[in-house]
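Spelled out from the first residue to the last, the chains are:
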Amino acid sequence: MASTVSIESSWHHRLAGEFDQPYFQKLTAFVRNEYQTATIYPPGPEIFRAFDCCPFESVKVVLLGQDPYHGPGQANGLCFSVRQGVRFPPSLNNIFTEMQSDLGRPFPASGDLEPWARQGVLLLNATLTVRAGAPGSHQNRGWELFTDAVIKIISRDLKHVVFLLWGAYAQRKGEIIDKQRHEVLQAPHPSPFSADRGFFGCRHFSKTNAYLASKGLTPINW
């Protein structure tokens, strides 16, 4: 995997030590074999798209997801995001519903969240690959160690980043964040099973922008 998939240079510089770790070597072998023997999402060149779209120095917001979408043509390397023209999955639809309620914005025409990423929103799944039709199939193979390292580096080396932790899984993963340096906003997951328990009405989009503005940073055009 490491030989065929590149990662944006500012991230590569900071994460080079992870690529040399035994766990990452095992992860690389596992993922490479999976792509050769099964249908895996996202496509190989998009595994590190979250980093490619959002260089380290640009990070202002981190949105944590869990797994890539596991249906055909959905996953594009950015958490909660789908390809242009793909029907919005339920969680993404609820995200846009809350955004519309919070900011008065119309629903976007596309579910591809790259415009967010280009403004400094790191759309990071905890696990960066998945088997088709098998959610969670690539968990506990090493991805979580890698993405924990990403969060630790952001927490340590940047200031005034907003972390959006939606759901218990993201909130547990976010326990390593330095809350003295960063803003952490928590809410239930936007899935249909939990969105009405506090995700709707959380106003995280406006709260994020208010925090960024208070630190002299440009708000996100959600």
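Nothing here was measured: the structure is a model prediction, and the numbers come from that model. (Residues numbered from 1 in each chain as written. Predicted model: local features only at pLDDT ≥ 70, side-chain atom pairs only at ≥ 80, totals over all residues. Heavy atoms only, no water.)

1. What to know about the layout of surface pockets
Right, on to step 1. Empty space within the largest pocket amounts to approximately 460 Å³.
Right, on to step 2. Lining of the largest pocket is provided by 24 residues; of these, Gln 66, Asp 67, Phe 80, Ser 91 and His 189 occupy positions nearest its centre.
Right, on to step 3. Those elements giving two or more residues to the lining of the largest pocket turn out to be strand 2 (61-65), helix 4 (90-103) and helix 7 (168-173).
Right, on to step 4. Counting residues per element, the lining of the largest pocket draws most heavily on helix 7, which supplies three residues.
Right, on to step 5. Residue classes in the lining of the largest pocket are distributed as 13 nonpolar, 10 polar and one charged. (1 Å grid on protein atoms, 1.4 Å probe; cavity = no way out; pocket = protein on both sides within 12 Å on 5 of 7 lines; lining within 4 Å. Points joined across faces, edges and corners; volume = space filled by probe spheres on them. Helix = DSSP H or I, 4+ residues; strand = E, 2+ residues; numbered from the N terminus. Nonpolar A, V, L, I, M, F, W, Y, C, P; charged D, E, K, R; others polar.)

2. Describing helix 1 (residues 9-19)
Right, on to step 1. Those residues of helix 1 lying buried are Ser 10, Trp 11, Leu 15 and Phe 19. Taken around the axis of helix 1, the buried residues stretch over an arc of 150°, which confines them to a single face. Of the exposed residues in helix 1, the ones pointing more than 90 degrees away from its buried face are Ser 9 and His 13. (Buried < 20%, exposed > 50% of the residue type's maximum accessible area, 1.4 Å probe, protein only. Arc of directions from axis to C-beta.)

3. A few points about the nonpolar core
Right, on to step 1. By size, the foremost hydrophobic cluster in this structure holds 67 residues, and its most contacted members are Trp 11, Phe 51, Trp 116, Leu 122, Phe 146 and Ile 154.
Right, on to step 2. Among the elements that take part in this core, helix 6 (residues 143-157) stands out by supplying six residues, more than any other. (Core = buried A, V, L, I, M, F, W, Y, C linked by side-chain atoms within 4.5 Å.)

4. Here's the deal with the pattern of salt bridges
Right, on to step 1. Scanning the model with the defined rule gives nine salt bridges in all.
Right, on to step 2. For Glu 34, the salt bridge identified is with Arg 131, shortest N-O distance 2.7 Å. Here Glu 34 is found in helix 2 (residues 22-37), whereas its partner Arg 131 is found in strand 4 (residues 130-131), with 97 residues between them in sequence.
Right, on to step 3. Using a relative accessible area of 6% as the deciding quantity, one classes Glu 34 as buried. (Salt bridge = Lys/Arg side-chain N within 4 Å of Asp/Glu carboxyl O.)

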